[in-house]
Amino acid sequence: AAQNAASRTCCPPPKQSGAAMSSHRPDRPVFCGNFEYDAEEREIVRLFERYGPVSRIDMKTGFAFVYMEDDRDAEDAIRKLHDREFGYKR
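These numbers come from a predicted model, not from an experiment.

Each value, and the rule that gives it
- Residues numbered from 1 in each chain as written.
- Predicted model: local features only at pLDDT ≥ 70, side-chain atom pairs only at ≥ 80, totals over all residues.
- Heavy atoms only, no water.
- Buried < 20%, exposed > 50% of the residue type's maximum accessible area, 1.4 Å probe, protein only.
- Helix = DSSP H or I, 4+ residues; strand = E, 2+ residues; numbered from the N terminus.
- Core = buried A, V, L, I, M, F, W, Y, C linked by side-chain atoms within 4.5 Å.
- Contact = heavy atoms within 4.5 Å.
- Arc of directions from axis to C-beta.
- Pairing = 2+ DSSP bridges.
- Axes fitted to C-alpha atoms, helices over the stretch in contact; angles between N-to-C directions.

Peer 1: Explain helix α2 (residues 71-81) to me, please; I cannot follow it from the model alone.
Peer 2: Owing to its 3.6 residues per turn, the α-helix brings residues three or four apart onto one side. Of the positions making up α2, those classed as buried are Asp-71, Asp-73, Ala-74, Glu-75, Ala-77, Ile-78 and Leu-81. Taken from the residues just after α2, Asp-83 is the one with a positive phi, measuring 60°.

Structure below.
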């Protein structure tokens, strides 16, 4: 039902930059936020691994920084996950 609708969203919109990205910069994280405080790291990793290997994730309360091995994979994840809802409100 609508009351049990997903409540977590992920990723900002992709940057509109003309500059080419390098193929490997795991030092540049993808911000993933606005999810439930009880979200687990494995949920976020599973979500991002669909787009490429995740090298690291830094979880905070309600948000995370996800480091992917390849910037192209990170850009794909941002495009696909921007405003995507996942999980559910308990």
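Peer 1: Would you mind showing me how to read the nonpolar core here?
Peer 2: Grouped burial of nonpolar side chains is what soluble globular proteins tend to show. If you look at the biggest cluster of nonpolar residues, it comprises 17 residues, and the most contacted ones within it are Cys-32, Phe-35, Ile-44, Phe-48, Ile-57, Val-66 and Met-68. Contributions of two or more residues to this core are made by β2 (30-33), α1 (41-49), β3 (54-60), β4 (63-68) and α2. Aside from chain neighbours lying at most four places away, what touches Val-66 is Pro-29, Val-30, Cys-32, Ile-44, Phe-48, Val-54, Arg-56 and Ile-57.

Peer 1: Is there a simple way to explain α1 in this structure?
Peer 2: Every buried residue belonging to α1 is among Ile-44, Val-45, Leu-47 and Phe-48, and all of these are buried. Burial along α1 is one-sided: seen end-on, the buried residues are contained in an arc of 160°.

Peer 1: Just to check I follow, could you spell out the sheet that holds β4 for this structure?
Peer 2: Pairing between the strands of a sheet comes from backbone hydrogen bonds, and it takes one of two forms, parallel or antiparallel. The strand order across the open sheet formed by three strands is β2-β4-β3, and the pairing between neighbours is antiparallel. Whereas interior strands pair on both sides, the edge strands pair on one side only; in this sheet they are β2 and β3. Direction aside, neighbouring strands of the sheet carry axes that sit 20° apart on average. Alignment of β2 against β4, held across four bridges, turns out to be antiparallel.

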